[in-house]
Amino acid sequence: MHPMLSIAVKAARRAGNIINQASKNLDLLTVSKKSHSDFVSEVDGAAEEAIIKVLQAAYPDHAILAEESGHRGDHNNSEYQWIIDPLDGTTNFLHGFPKYSVSIALKYKGVLTHAVIYDPNNNELFTASRGSGAFLNDRRLRVSKRIKLEDCLIGTGLPFRDLTHIDAYFAMLKDIVPRIAGIRRPGSAALDLAYVAAGRYDGFWEIGLAPWDMAAGCLLITEAGGLVGDLEGNETQLESGQIIAGNPKIFGQLLQVIAPHLTPELIEVQRSAKSI
Ligand code: 2AM
Ligand code: CA
Ligand code: CA
Ligand code: CA
């Protein structure tokens, strides 16, 4: 394992331990709301600090973008940037619904290079390094082999914070559901993307995500032989928050159903993210 990936794994496991400990006493947690239905607890912050402590001890010069504390370090001059979601699926965590994860990715010169997604509940560690494949614990991962949309299990997430695009999203959902075998919406986007890499889902799409929800999952999927793109089929821009992913046969079929429901506003979100 590349030394930078092992540091990321160490950080993810530390965060996972904090999350597991806290999950035994959910009633004791202080929970606040960032906005309507957007919850945060002290566990999010504690897990994030633990991750950052491990990363900064090893790589004090690297820049960091983390959900709860934002930017740290010199983003203009560092070639390395860590992108961190310390607890993806906070709502699930707070309800004892066992679908949440820790997500850590490293960009080198703007390119996703290492990725970890850790499910502390099931002790499932998903890792990838560019050019070296994707793994679940010690097992090499491949995306699924299904070729017909009608046989596929597709993951998604509902818009929850910004409801501006909810009609367009429901139009996508309405069109896709009769064409597939099943739909799932567990609520941890990072873990969903890891499941595409593992072949548990054949495809996934969502709008309104944040860069830290998507970064690690994108590398896991491409390293497992899958495709990721934006909702027009172009290269994913993490800042756009819009993603379609799947095995190489299903990616295009999913895109054909989803893309016609893009509104000018959703297209604008994608295209303006490209110019960042
Ligand atoms: P979070 O738990 O790290 O905030 C996509 O659905 C992402 O949106 C999730 O991975 C989750 O990341 C975030 N999210 C926050 N609040 C949510 C909510 N009430 N419902 C769904 N997703 C939520
Ligand atoms: Ca959050
Ligand atoms: Ca998240
Ligand atoms: Ca989070």
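See the structure printed just above.
Source: prediction; values computed, not measured.

Draft legend 1. Just the site of ligand 1, in detail. Lining the immediate surroundings of ligand 1 are 17 residues, of which S37, D88, G89, T90 and E206 lie closest. Contacts to ligand 1 include G89, whose backbone N or O atom sits 2.7 Å from an oxygen atom. A distance of 3.1 Å is found between an oxygen atom of ligand 1 and a backbone nitrogen or oxygen belonging to A189. Alone, ligand 1 offers 460 Å² of accessible surface; in the complex the protein occludes 92% of this. Considering each element in turn, the shell around ligand 1 owes the most residues, 3 residues, to strand β5 (residues 80-88). In terms of domain composition, the shell around ligand 1 takes at least three residues from each of domain 1 (3-140) and domain 2 (149-274).

Draft legend 2. Looking closely at the sheet that holds strand β12 (residues 182-184). Within the open sheet, the 5 strands sit side by side as β12-β11-β13-β15-β14. Their pairing is mixed. For this open sheet the edge positions go to β12 and β14 (227-229), each flanked by a neighbour on one side alone. Sheet twist, expressed as the average angle between the axes of neighbouring strands with direction ignored, equals 15°. With 3 bridges joining them, β14 and strand β15 (residues 243-246) adopt antiparallel strand pairing. Bridge pairing in β15 links V228 to A245. Against the sheet, helix α4 (residues 166-176) makes contact with β11 (153-156), β12 and β13 (203-206), and its axis sits at roughly 160° relative to β13, the strand it touches most.

Draft legend 3. Spotlight on the pairing of β11. Bridge count between β11 and β12: 3 bridges; the pairing is parallel. Bridge pairing in β12 places G155 opposite R184. Following the chain from β11 across α4 to the adjacent parallel β12, one finds a crossover that is right-handed. As paired elements, β11 and β13 share 3 bridges and run parallel to each other. Bridging across to β13, I154 finds its partner in G203.

Draft legend 4. Seen up close, the nonpolar core. Of all hydrophobic cores here, the largest spans 37 residues; its most connected members are I117, F126, L141, L220 and I243. When residues of this core are traced back to their parent elements, those giving at least two are β7 (111-119), β8 (124-129), β9 (133-136), α5 (189-197), α6 (211-223) and β15. Counting only domains with at least three residues in this core, you end up with domain 1 (3-140) and domain 2 (149-274). Leave out the neighbours within four places in its chain, and I243 touches L193, F204, W205, E206, L209, M214, C218, V228, G229, L231 and T236. Of all hydrophobic cores here, the second largest spans 31 residues; its members include I19, A47, V116 and L125.

Definitions and cut-offs
Residues numbered from 1 in each chain as written. Chains lettered and ligands numbered in written order. Predicted model: local features only at pLDDT ≥ 70, side-chain atom pairs only at ≥ 80, totals over all residues. Heavy atoms only, no water. Near = heavy atom within 4 Å. Polar contact = N/O pair within 3.5 Å; in protein donor to acceptor, adjacent residues only side chain to side chain. Areas by Shrake-Rupley, 256 points an atom, 1.4 Å probe, with all protein chains shown as cover. Helix = DSSP H or I, 4+ residues; strand = E, 2+ residues; numbered from the N terminus. Domains from an automatic or database assignment. Pairing = 2+ DSSP bridges. Axes fitted to C-alpha atoms, helices over the stretch in contact; angles between N-to-C directions. Contact = heavy atoms within 4.5 Å. Right-handed = clockwise from strand over helix to strand, strands pointing away. Core = buried A, V, L, I, M, F, W, Y, C linked by side-chain atoms within 4.5 Å. Buried < 20%, exposed > 50% of the residue type's maximum accessible area, 1.4 Å probe, protein only.

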